[in-house]
Amino acid sequence: MGNFEMRRISKLTRVAVGVASLALAATACGGTSTDDGGSDSETKEKLGLAIAYDIGGKGDQSFNDAAYAGLEKAQKEFGYKTADVEPTEGETDADKQQRLESLAKQGYNPVVGVGFAYGPAMEAAAAKYPKTTFGIVDSVVEGDNVASLVFAEEQASYLAGVAAAKATKTNTVGFVGGVDIPLIHKFEAGYKQGVTDTNPKVKVISQYLTQTAEEGGFSSPDKGKAAAEGQIEKKADVLYAAAGLSGQGVIEAAAKAKVWAIGVDSDQYNQAALAAYKNSILTSALKDVGGAVYSMAKSVEDGKPLTGVQTFDLKVNGVGLAESNPEFSKVAGLSDAVAKAKEEIIDGTIKVKTE
């Protein structure tokens, strides 16, 4: 996907706001209910942005929570009613389509699907509600009223690889992917390239938790923990997880073994739910899902809705690497190596692979 001009990028919240990426993933615990009064033309309530979560939903401290942060910002700024709705276990594309159409019918605009699993459902819903602007995170959907919010996850992962190669003492590092799919391959490819370019002597052990999302690869901390323990036994002392909620298990195992974890999507060092492990979180590969969701809402509010492919990369602060752990700057040569790699990715000297 070419590097598309992001006209509104200055409005994007800085990636430090740290939003989250993870495949379709994420976690759940009851979203706000949407009451059906919205379609009544006499209602005085102003309805705005609605987001529909994928499996996992709110509370993953990662991908979905990043989207929610963007919703909160839009709600505060535009003073309208928002909605965020949870999925149901084992649902079909028809269920997803119905959820999107229900939000559009009630009058929410824009309506954003968080995760690539919304692809087929959004194509159908957007055709049925041409006056509503739809957005999808992590996928490209054709449609005059659809914005595809995609990220250069491989670039942030490359920086995570640089950090891992600088921080390892055993010359062995790990990668835990939630589900074995092309989106997560981007994280692994960038990470491995970053490690190897920084120190070719460092070995990367990779593992995917499940073949499909239905098997829980993005929503099973126990699976993440078991995978991490296996990699730690093989001497890995820096573990990078791109696994949604499952990544919490990786972080927990790293903390217990006193090795480094690298978080994903949100700045996991600053997530309250992970406070017990924060000293073991060296950094996080950031993906500003919240910024993308917010810029989508702002574009509709401004009467100039975003459509087409919107690419969030290092150049526009759409992805990045967190430096909030004070230990980050104490690892010899790390800050400089990351700054240099970032510059070279932006100017095209380094081309990061996606497979």
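Worth saying up front: this structure is predicted, and the values here are computed from it rather than measured. (Residues numbered from 1 in each chain as written. Predicted model: local features only at pLDDT ≥ 70, side-chain atom pairs only at ≥ 80, totals over all residues. Heavy atoms only, no water.)

Describing the sheet that holds strand 2 (residues 81–85)
- Across the sheet, 6 strands lie side by side as 2-1-3-4-5-11; this open sheet has parallel pairing. A single partner strand is all that each edge strand has here, and the edge strands are strand 2 and strand 11 (308–312). The sheet shows a mean angle of 20° between the axes of neighbouring strands, taken without regard to direction.
- Sheet contacts for helix 8 (residues 289–301): strand 1 (47–52), strand 3 (111–113), strand 4 (134–137), strand 5 (146–151) and strand 11; angle to strand 5, the most-contacted strand, approximately 160°. (Pairing = 2+ DSSP bridges. Helix = DSSP H or I, 4+ residues; strand = E, 2+ residues; numbered from the N terminus. Axes fitted to C-alpha atoms, helices over the stretch in contact; angles between N-to-C directions. Contact = heavy atoms within 4.5 Å.)

Regarding the packing of helix 6 (residues 221–233) against helix 7 (residues 247–257)
- The geometry of helix 6 relative to helix 7 is characterised by a closest axis approach of 6 Å and an angle of 40° between their N-to-C directions. It follows from the interaxial angle that helix 6 and helix 7 lie oblique. Considering the relative orientation of helix 6 and helix 7, their crossing is right-handed. Contacts between helix 6 and helix 7 involve Pro221, Gly224, Lys225, Ala228, Glu229 and Ile232 from the former and Gly249, Val250, Glu252, Ala253, Ala254 and Ala257 from the latter.
- Residue composition of the contact of helix 6 with helix 7, grouped by class: 7 nonpolar, 2 polar and 3 charged. (Parallel < 35°, antiparallel > 145°, perpendicular 65-115°, else oblique. Left-handed = near helix turned anticlockwise from the far one by under 90°. Nonpolar A, V, L, I, M, F, W, Y, C, P; charged D, E, K, R; others polar.)

Focus on the sheet that holds strand 8 (residues 238–242)
- Across the sheet, which stays open at both edges, the 6 strands sit in the order 7-6-8-9-10-12 with mixed pairing between neighbours. Edge strands, defined here as strands with exactly one partner in the open sheet, are strand 7 (203–210) and strand 12 (319–321). Within this sheet the neighbouring strands show an average axis-to-axis angle of 15°, counted without direction.
- The pairing of strand 9 (residues 260–265) with strand 10 (residues 281–287) spans 5 bridges and is classified as parallel. Following the sheet pairing, Ile262 is matched in strand 10 by Thr283.
- Contacts from helix 5 (residues 182–198) reach strand 6 (172–179), strand 7, strand 8 and strand 9, with the element oriented near 170° to strand 6.

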